[in-house]
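Chain by chain, the residues run as shown.
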Amino acid sequence: MEKTPPVGFVALVGAGPGDPELITLKAVRHLARADVVLCDALANPALLAHCREDARVLDVGKLADGRHTPQEVTNRLLIEEARAGHYVVRLKGGDPFVFGRGGEEAIALTEARVPHEVVPGISSALAGPAAAHVPVTHRAIAQHVTIVTASSAFDVEGLADKWSLLAEAGGTLVFLMARKKLGLIQDRLLAAGVDPAMPCAMVQSATLPEEKIVHSRLAHIVDDVEAAGLGTPALLVLGQAVGLADSMTPILSTVAAAEAAPEAIHV
Ligand code: SAH
């Protein structure tokens, strides 16, 4: 009789936007149990402190300079490790199902009949605006929020009319993968009729010590971001709600400031 191979388990886990405190208790539980962790470039390596000392960590990050592990290789590794009977954590920046190709991984695991679970995380699409004091929805100002990829996938021929749909839709627009495409985003939105004075902000490394935020207007955002020397990862948030940031400058109490000190972070 054919022997049934051992089948492990894969948890597709959201690592949150960067700050190691912004991870869920469920994510920490999976990390603590993992035999193998396949780690994303955007997941904070500090989170690996939750793993067992003998856990194997494989870096399958996709880097901005073009070097990356092909998605098929990551999918295959997840399946192979699980079929070897291992408890596998796929640690992905933000939320696994927000522009993280987590959907492709879940489909590959389903097709391979590998038991798996998705653990949502705090997406940078929400944490980035929050870091810039932008409520992505606000009564009477922004009734909806649209999360868009600024990667080339969005600007291929035939999709040009999407820009006018975005411009017409209004609300709050959040562009991920936006740093290198900032000039293109600005051009397309202006051409689609968005007010050049529309408030917007670019947020780099939200919730991390190296966080940088530039508040501007659509017509000036490229110049202001260049002048401030922002790098990646970065997102753009645009809409009337961005203007509310002026009305909510934080007033930190000494208690909150002490709690925000790095020594308060236990990982
Ligand atoms: N799944 C992730 C997004 C992956 S796409 C999530 O839910 O957050 C990668 C893009 O996310 C980056 O190009 C950038 O636009 C954005 N991003 C991720 N972490 C970020 C951070 N700490 N600050 C600003 N943008 C971030």
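Residues numbered from 1 in each chain as written. Predicted model: local features only at pLDDT ≥ 70, side-chain atom pairs only at ≥ 80, totals over all residues. Heavy atoms only, no water.

1. A short note on the state of the cysteines
Phase 1: Taken as a whole and assessed by the stated rule, the structure comprises zero disulfides.
Phase 2: Looking at the unpaired Cys51, the closest cysteine sulfur is the one in Cys39, lying at 8.2 Å. (Disulfide = S-S within 2.5 Å.)

2. Regarding helix 1 (residues 25-33)
Phase 1: Within helix 1, burial applies to Ala27, His30 and Leu31. Around the axis of helix 1, the buried residues are gathered within 100° of arc, so they sit on the same side. Those residues of helix 1 that are exposed and angled more than 90 degrees off the buried face are Leu25 and Arg33. (Buried < 20%, exposed > 50% of the residue type's maximum accessible area, 1.4 Å probe, protein only. Helix = DSSP H or I, 4+ residues; strand = E, 2+ residues; numbered from the N terminus. Arc of directions from axis to C-beta.)

3. Here's the deal with the environment of Leu189
Phase 1: Mapped onto the elements of the fold, Leu189 is located in helix 6 (residues 182-191).
Phase 2: Put simply, Leu189 and Trp163 are 26 residues apart on the chain and 6.5 Å apart in space, counted from C-alpha to C-alpha.
Phase 3: Contact partners of Leu189, with chain neighbours within four places excluded, come to Trp163, Leu173, Phe175, Val194, Leu218 and Leu238. (Contact = heavy atoms within 4.5 Å.)

4. Quick notes on helix 3 (residues 102-111)
Phase 1: For helix 3, the set of buried residues is Gly102, Glu105, Ala106, Ala108 and Leu109. Buried residues of helix 3, seen end-on, are gathered within an arc of 160° and therefore sit on one face of the element.
Phase 2: Immediately beyond the C-terminal end of helix 3, within one or two residues, lies Arg113, with a positive phi of roughly 55°.

5. With respect to the sheet that holds strand 3 (residues 56-59)
Phase 1: In space, the five strands of this open sheet follow the order 3-2-4-1-5, with parallel pairing throughout. Unpaired on one side and paired on the other, strand 3 and strand 5 (116-119) mark the two borders of the sheet. On average, adjacent strands in this sheet sit at an angle of 15° to one another, irrespective of strand direction.
Phase 2: Examined bridge by bridge, strand 1 (residues 9-14) and strand 4 (residues 87-92) share six bridges and lie parallel to one another. Bridge assignment links Ala11 to a residue of strand 4, and that residue is Val89. (Pairing = 2+ DSSP bridges. Axes fitted to C-alpha atoms, helices over the stretch in contact; angles between N-to-C directions.)

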